Amino acid sequence: SRFFSSLRHPALAGQLRAYINDKSLNTVARRMAMEIAGDCKVSELTDDLLRFVHDQTEGQHLRERAARALEELIPESRCRELLPLAQGKAGPDPDDSIRGCALRRLFPSAASLSEVIPLIHLPKNDSYFGSYRSFLHDDLPCHLQASDLPLVLGKLIRWRQCFDSLCPLHVLAEAAFTLALKNLSNPVIRRLAVRVWIAKERRYQPLPSSKESSVLKLLNEDEGTRREFLSAFLNDPNVSADEVGRL
């Protein structure tokens, strides 16, 4: 498909539309038409592909391919029209592929983290690594800002296994907590960071423990951060002496 982008010409939208919308045609041909549309960023097909994704009479794999094409070609000014897909309102999505494509296109340019975080859940298919896992693993963590931390840290308290290295949310959890440690001068972040740690310990839920943990690396290598985090524990009235000792 790396050569498809060279196929763009003024009449391409009409040619591809005939293949995409004709249910009598071969599935492979229709899928290839969507791939060409995405690679050539044929934005004129936005309406056709939005209808296609919502059409539950179409095959699941074709609907997922349509979502991928939309991710590549939808104009910035229309990205908000992907919100229903990100919210799971487009019909069956067993691998979260449609949701993942929509979220990757929406965030961060067209949807804020406060809109995206409520849409996050554990993948429906635990053994599948597709667009939704990619969003959780790559896109969301790398765009975190310090201003996002109160919302995300609150979620870490609720996400039971988020620091488990096998959990799809662990990259986000590690990134968020590492950023929190770098912003302990903010009293809200400082208090929430302590709450996250204590909540996990009290509920016997995983805490950062792997050799690759960015949280442990920062605490081990930066004495100033380590002292500041310990100070936050010592000065938190909701933390017991035993819990401080186990830190």
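See the structure shown above.
Section: the side chain of D96
Then comes step 1: Residue placement: D96 occurs in the loop between helix 5 (83-86) and helix 6 (97-106).
Then comes step 2: Overall, the relative accessible area of 0% leaves D96 in the buried class.
Then comes step 3: Polar side-chain contacts of D96 include one of 2.9 Å to the backbone nitrogen of K124.
Then comes step 4: Not counting residues up to four positions away in its chain, the partners in contact with D96 are H121, P123, K124, S131 and Y132.

Overview of the environment of H121
Then comes step 1: Relative to the helices and strands, H121 resides in the loop between helix 7 (113-116) and helix 8 (131-142).
Then comes step 2: Looking at H121, the relative accessible area reads 25%, which means it is partly exposed.
Then comes step 3: For the pair H121 and L169, spaced 48 residues apart in the sequence, the C-alpha separation amounts to 8.7 Å.
Then comes step 4: In this structure the side chain of H121 is engaged in a polar contact, spanning 3.2 Å, whose partner is the side chain of R99.

Notes on unusual backbone geometry
Then comes step 1: The step from F107 to P108 runs through a cis peptide bond, and the omega angle for that step is 5 degrees.
Then comes step 2: Residue position: P108 is located in the loop between helix 6 and helix 7.
Then comes step 3: Phi at Y204 is positive, roughly 55 degrees, even though this residue is not glycine.
Then comes step 4: In this structure, Y204 sits in the loop between helix 11 (187-202) and helix 12 (214-221).
Then comes step 5: Residue Y204 is classed as exposed on the basis of its relative accessible area, which comes to 77%.

Cut-off values and rules
- Residues numbered from 1 in each chain as written.
- Predicted model: local features only at pLDDT ≥ 70, side-chain atom pairs only at ≥ 80, totals over all residues.
- Heavy atoms only, no water.
- Helix = DSSP H or I, 4+ residues; strand = E, 2+ residues; numbered from the N terminus.
- Buried < 20%, exposed > 50% of the residue type's maximum accessible area, 1.4 Å probe, protein only.
- Polar contact = N/O pair within 3.5 Å; in protein donor to acceptor, adjacent residues only side chain to side chain.
- Contact = heavy atoms within 4.5 Å.

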